[in-house]
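A closer look at the structure
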Amino acid sequence: MRAIRRFTVRTVLPEALAPLGELALNLRWCWHPETQDIFQAIDPAVWETVGHDPEALLGALPPARLDELAADPRFVTRVAEAANELHDYLSGSLWYQSLAEGTPGGPAAVPRSIAYFSPEFGITSVLPQYSGGLGILAGDHLKSASDLGVPIVGVGLLYRAGYFRQSLSREGWQQEHYPVLDPNGLPISLLRESDGTPVTVSLALPGGRHLHARIWRAAVGRVPLLMLDSDVEENEPAEREVTGRLYGGGTETRLLQELLLGVGGVRALRAYSRVTGAPAPEVFHTNEGHAGFLGLERIRELVAEQSLTWDEALEAVRAGTVFTTHTPVPAGIDRFPRDLVEQHFSGELAPPGVGADRILALGAETYEGGDPGVFNMAVMGLRLGQRANGVSLLHGDVSRGMFAGLWPGFDQDEVPITSITNGVHAPTWVAREALAAAESEGGARDWEGLSRLSDPALWSVRRTLRAKLVEDARRRVREAWLERGASEPELGWIDSALDPDVLTIGFARRVPSYKRLTLMLRDPARLKSLLLHPERPIQIIVAGKAHPADEGGKRFIQDFVRFTDDPEVRHRIVFLPNYDIAMAQTLLPGSDVWLNNPLRPLEASGTSGMKAALNGGLNLSILDGWWDEWYDGENGWAIPTADGVTDPDRRDDLEAQALYDLLENQVAARFYDREAPSAPPARWISMVRHTLQSLGPKVLASRMVRDYVLNLYAPAAASTRALGPSLEPAKELAHWKATVRAGWHDVRVDHVESEGLGDAPEIGTNLHLRAFVSLGSLAPDDVDVQLVHGRVGSDDQLTDTAVVTLHHAEAYEGGRHRYEGQLTLSRTGAFGYSVRILPSTAKTVSSAEMGLVANAVASEPAAVGAPPLR
Ligand SMILES: *Cc1c(COP(=O)(O)O)cnc(C)c1O
């Protein structure tokens, strides 16, 4: 093959159309239909062929057409008005600005700037830098931050071939294509020094090599997104490939990608501040473990530039770092060979004078069953972030259990990982037809306006969306068959495949095994009978990409495609290749029912069902992720999960059975329950209405971003500011922690005495407690002595616990002390308590932060007012 260097010459717009260039370059167009209309109006046919890509459209126009437009005063005015509107959007005072002015009850500190690091960003299919949910969530996060005025800067990589384009072979086997993107044809611009030379960052690698990268900037509304790109001439060929493919390459390439993202990302931010005067971020958000090296680079800066010790720098960095974990699936967590990480941190990337053991300890799996040979990025994320979260209530709980080994001696509830449930960016995901209908009846242009439509009006919107999906799906099925080698005359059946009046079930997502793409094929005869039911048929539209290295996932796709190839059912069930944002924007709104059947609890949140809900789609899902939290019995259906069944085949059988039963007896029955064949199904529509009303406000990314600001970013900024410019408090905290750690082996609860419980304690009884403890070389100020009380379960564990801090009563010789306190019993039932000693909670954010605790041997359970349950 010839090595061809491709390049794109950017269009030079006539002066009068300059604002058009601005409109194309700011990605706000992708959630602003009025701006899209302007591009469409330029040339509707070309707009379709370029896949609704403004840059590509402008590039495709002959100069004569541009001159013609520049001479059209109506068009020029329209463009100027749109550009003014964009300027207002970019500079207006929004939610965050009112927060920053100090609302009563608002947070004490709001960060001047927040850096958001993610390995992928899914903003528009025109900038294909995502593989699935993680990236789309990141894109929705930036868009909502922009809409709320939150000063975020995104940091990621620019992959030359993005993820991959999916097609099918004749046999239904996934084919991957890697079309090379030319950055000059994308809606991004190079970050440049004031003299015009491109800004670059460099990382020194083992063996004297270097990894250089330039920095592209995308404008996501008000939010800049910086993307590092190693495809530069200064690099050797291997280093140029580092940003070749998203999640591509072997272990070493992956490590280099993550070094570039984390370490290079911080350096890019510093360069960005230097060049543009943007404030330095006070908070760093690590979106999944991949970006975790950002913390190491910040430690290196503090050690090198402010002469902090490792421990001091670690405290300073932790204060401003937020870590979000996204998966309970082990394969989703990056783990590198320890030696490989050590090699890369033996030179310039390591803080000066710090031994490799300190760095390696950050990623060490120090819990039972941990592998001593690996460096775990999620574990490092938790150690470098003082605040951490999962992405739904259930996932928070699962994560606390999963990582509990890092905090031995603590109850699972106390593991310092909270949760913020994901959300989706409504302006991106609500179909335009739905918004227009909502507005036409004088309602709000959103889920709320939609929920207020009359039954016939709401039903008519649903049909419009379904019909649009059917049309789009037919086009895609035809293209897929042509790519599979079929000829036009064989494809006549596609014109009548799918039906705009048949109950439509959508299912699309990445295809890892836990998402169980083929669960619905468990009993093919049963599925066929549902598809071909004479009165109440269903049709199913499926899409999804398998990771290129995942043979199992590709086999699922092939099994599925083979089923859909059957002439008996092919008009009722289809697989659409190349799932991406553009497809999702038609598929999600057009589906009456959005199906999700993961293996509980492996779906951390899931977001596609939220997008369906905002368009009036109903969810049919296993109670996992977000659905476990917000299913209320009326807003869709819960597929019963056979959690306790350990034989995976049997579990799939049971859950598939339940799925078929629900589809037939509940879902289809309700959809086709009409007074007359042409009448809207009243009970269905009431579920749609209820879905819009109950889920509408919850599933929004604007709710999610507000939660991040109030619950994580603002507290992290307060912690950062408390360190002051001198970072003196970080030094003190580090010294204090070192003292506490050194002295902890002498800390213990010697003996506990209680009084007042008697034989038959009742509500209101006062329990008096005296705890005799040894603190060794530590002082009473260094610790909290706590009474932990709660219910006693059948496993002898305390649940529903609460804590009373005992007060220091007396010091004795030899580091021994007496603490006292009391508790008024307020609950009936089996009750137990215990005494423990922790490092002082006044000096830490979470009581489990240091992972140190001295527990007393459990005290006897007692019963209050009623006999014990046991
Ligand atoms: C929303 C979305 C996803 C995420 O889907 P999940 O429900 O989280 O699995 C993946 N891909 C695309 C194109 C999406 O729009």
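In this text the structure is predicted, and so the values were computed from the model without any measurement.

Procedures and definitions
- Residues numbered from 1 in each chain as written.
- Predicted model: local features only at pLDDT ≥ 70, side-chain atom pairs only at ≥ 80, totals over all residues.
- Heavy atoms only, no water.
- pLDDT = per-residue confidence, 0-100.
- Contact = heavy atoms within 4.5 Å.
- Near = heavy atom within 4 Å.
- Polar contact = N/O pair within 3.5 Å; in protein donor to acceptor, adjacent residues only side chain to side chain.
- Areas by Shrake-Rupley, 256 points an atom, 1.4 Å probe, with all protein chains shown as cover.
- Nonpolar A, V, L, I, M, F, W, Y, C, P; charged D, E, K, R; others polar.
- Domains from an automatic or database assignment.
- Pairing = 2+ DSSP bridges.
- Helix = DSSP H or I, 4+ residues; strand = E, 2+ residues; numbered from the N terminus.
- Axes fitted to C-alpha atoms, helices over the stretch in contact; angles between N-to-C directions.
- UniProt positions renumbered as here; feature names shortened; annotations may be inferred.
- Buried < 20%, exposed > 50% of the residue type's maximum accessible area, 1.4 Å probe, protein only.
- Expected span 1.5 Å × (residues − 1).
- Salt bridge = Lys/Arg side-chain N within 4 Å of Asp/Glu carboxyl O.
- Parallel < 35°, antiparallel > 145°, perpendicular 65-115°, else oblique.
- Left-handed = near helix turned anticlockwise from the far one by under 90°.
- Core = buried A, V, L, I, M, F, W, Y, C linked by side-chain atoms within 4.5 Å.
- Phe/Tyr/Trp six-rings, centres within 6.5 Å; stacked < 30°, edge-to-face > 60°.

**Regarding the confidence of the model for the chain**
Considering every residue of the chain, the mean pLDDT works out to 93; 97% of them sit at 70 or more. Of the regions scoring below 50 in pLDDT, residues 858-870 engages in 29 contacts with residues more than four places distant in sequence or in other chains.

**Describing the site of the ligand**
Every one of the 14 residues lining the ligand counts as a neighbour, but Ile-136, Lys-515, Thr-607, Ser-608 and Lys-611 are closest to it. For the ligand, an oxygen atom lies 2.4 Å from a polar atom in the side chain of Ser-608. When the free accessible area of the ligand is taken as 390 Å², the share hidden by the protein chains comes to 95%. Across the shell around the ligand, the residue classes break down as five nonpolar, five polar and four charged. For the shell around the ligand, the domains that each give at least three residues are domain 2 (95-169 + 178-422) and domain 3 (462-699).

**A short note on the sheet that holds strand S19 (residues 573-576)**
Strand order in the open sheet made by the six strands is S19-S18-S17-S20-S21-S22, with parallel pairing throughout. In this open sheet, the two strands that pair with only one neighbour each are S19 and strand S22 (636-639). Going across the sheet, the axis of each strand differs from the next one's by a mean of 20°, ignoring polarity. In this sheet, strand S18 (residues 538-543) lies alongside strand S17 (residues 503-508) in parallel orientation, the contact comprising six bridges. Bridging across to S18, Thr-504 finds its partner in Gln-539. Running over the sheet, helix H21 (residues 524-531) touches S18 and S19 and is turned about 120° from S18. Of the strands in this sheet, S17, strand S20 (593-596), strand S21 (618-622) and S22 touch helix H27 (residues 682-695), which is tilted by about 80° from S21.

**Examining the UniProt feature "modified residue: N6-(pyridoxal phosphate)lysine" (unreviewed entry) in the chain**
The sites that UniProt annotates as "modified residue: N6-(pyridoxal phosphate)lysine" (unreviewed entry) are Lys-611. Residue placement: Lys-611 occurs in helix H24 (residues 608-614). The exposure class of Lys-611 is buried, given its relative accessible area of 4%. In contact with Lys-611, other than residues within four places in its own chain, are Ile-136, Val-424, Trp-429 and Leu-588.

**A few points about the UniProt feature "domain: DUF3417" (unreviewed entry) in the chain**
Feature annotation in UniProt assigns "domain: DUF3417" (unreviewed entry) to the following positions: residues 13-127. In this annotation, residues 13-127 is assigned 56% helix and 5% strand; the end-to-end C-alpha distance for the span is 22 Å.

**Concerning helix H22 (residues 551-564)**
Its 14 residues give H22 an end-to-end C-alpha distance of 20 Å, which sits within 8% of 20 Å, the value for a rise of 1.5 Å per residue. Along H22, the residues classified as buried are Gly-553, Lys-554, Ile-557, Gln-558, Phe-560, Val-561, Phe-563 and Thr-564. Elements that come into contact with the buried residues of H22 comprise strand S5 (165-168), strand S6 (174-177), H21, S18 and S19.

**Section: the environment of Ser-454**
Along the polypeptide, Ser-454 turns up in the loop between helix H19 (447-451) and helix H20 (455-483). Each C-alpha atom of the pair Ser-454 and Arg-689 lies 9.9 Å from the other, and the pair is 235 residues apart in sequence.

**So, the pattern of salt bridges**
Tallied over the full model, the rule gives 65 salt bridges. Here Arg-65 makes a salt bridge to Glu-68, at a shortest N to O gap of 3.2 Å. Of the two residues, Arg-65 and Glu-68 are both situated in helix H5 (residues 63-70); the distance of three residues between them amounts to about one turn of the helix. Given a relative accessible area of 23%, Arg-65 falls into the partly exposed group. Residue Glu-68 is classed as partly exposed on the basis of its relative accessible area, which comes to 49%. Through salt bridges with shared partners, a single network forms among Arg-516, Arg-522, Arg-600, Asp-628, Asp-643, Asp-649, Arg-651, Asp-652, Asp-653 and Glu-655.

**A closer look at the sheet that holds strand S27 (residues 807-811)**
If you walk across this open sheet you meet the four strands as S23-S24-S28-S27, and the pairing is antiparallel. Of all the strands in the sheet, just strand S23 (748-755) and S27 have a single pairing partner and so form its edges. When strand polarity is set aside, the average angle formed by the axes of neighbouring strands in this sheet is 25°. The pairing of S23 with strand S24 (residues 766-774) spans seven bridges and is antiparallel. In the sheet register, Ser-754 faces S24, and the bridge partner there is Leu-769.

**Here we look at the packing of H20 against helix H23 (residues 581-590)**
Axis separation between H20 and H23 bottoms out at 7 Å; the angle between their running directions is 135°. Viewed along their axes, H20 and H23 adopt a mutual orientation that is oblique. Crossing angle aside, the handedness with which H20 passes H23 is left-handed. Only Ala-582, Met-583, Thr-586, Leu-587, Pro-589 and Gly-590 of H23 make contact with H20, whose side of the interface consists of Arg-462, Leu-465, Arg-466, Lys-468, Leu-469, Asp-472 and Arg-476. Partitioning the contact of H20 with H23 into residue classes produces six nonpolar, two polar and five charged.

**Considerations on the nonpolar core**
Ranked by internal contacts, the top residues of the largest apolar core, which has 99 residues, are Leu-503, Met-520, Leu-620 and Trp-684. At 10 residues, the largest contribution of residues to this core is made by H20. The contact partners of Met-520, leaving out residues within four places of it in the chain, are Phe-507, Leu-527, Ile-540, Val-542, Phe-560, Leu-595, Leu-659 and Tyr-660.

**Structural notes on the domain arrangement of the chain**
When the parts of a complex come together, some accessible area is lost, and that lost area is often taken as the interface size. When cut into domains, the chain gives domain 1 (15-91), domain 2 (95-169 + 178-422), domain 3 (462-699) and domain 4 (738-864). Summarising the inter-unit geometry, the C-alpha centres of domain 1 and domain 3 are found 36 Å apart.

**Observations regarding the packing of aromatic side chains**
For the structure shown, the criterion picks out 19 aromatic pairs. With a centroid separation of 6.4 Å and an interplanar angle of 65°, the aromatic rings of Trp-626 and Trp-630 are classed as edge-to-face. Here Trp-630 and Trp-626 lie together in helix H25 (residues 625-630), a separation of four residues that amounts to about one turn. The exposure class of Trp-626 is buried, given its relative accessible area of 3%. Its relative accessible area of 13% is what places Trp-630 among the buried residues. A centroid spacing of 6.4 Å and a plane angle of 25° characterise the contact between Phe-772 and Tyr-812, whose relative ring orientation is stacked. Taken together, the residues span a long stretch of sequence, with Phe-772 in strand S24 and Tyr-812 in the loop between S27 and strand S28 (816-824) at a distance of 40 residues. Using a relative accessible area of 13% as the deciding quantity, one classes Phe-772 as buried. Here Tyr-812 falls in the partly exposed class, since its relative accessible area comes to 30%. Ring-pair connections join several aromatic residues into one group, and the members of that group are Trp-459, Trp-637, Phe-671, Tyr-672 and Trp-684.

**Considerations on the environment of Ala-431**
Relative to the helices and strands, Ala-431 is located in the loop between helix H17 (426-429) and helix H18 (432-440). On a C-alpha basis, the gap between Ala-431 and Pro-589 in space is 6.2 Å, while along the polypeptide they are 158 residues apart. Excluding residues within four positions of it along the chain, Ala-431 makes contact with Leu-465, Pro-589 and Asn-615.

**Considerations on the side chain of Glu-258**
With respect to the element layout, Glu-258 can be found in helix H10 (residues 251-276). Residue classification places Glu-258 among the buried residues on the basis of a relative accessible area of 4%.

**Brief notes about the packing of helix H12 (residues 310-319) against helix H29 (residues 728-743)**
As a packed pair, H12 and H29 sit with axes 8 Å apart at the nearest point and diverge in direction by 115°. Between H12 and H29 lies a crossing of right-handed hand. In this structure, H12 contributes Asp-311, Glu-312, Glu-315, Ala-316 and Arg-318 to the contact, and H29 contributes Ala-730, Lys-731, Leu-733, Ala-734, His-735 and Lys-737. Class assignment of the residues belonging to the contact of H12 with H29 gives a composition of four nonpolar, one polar and six charged.

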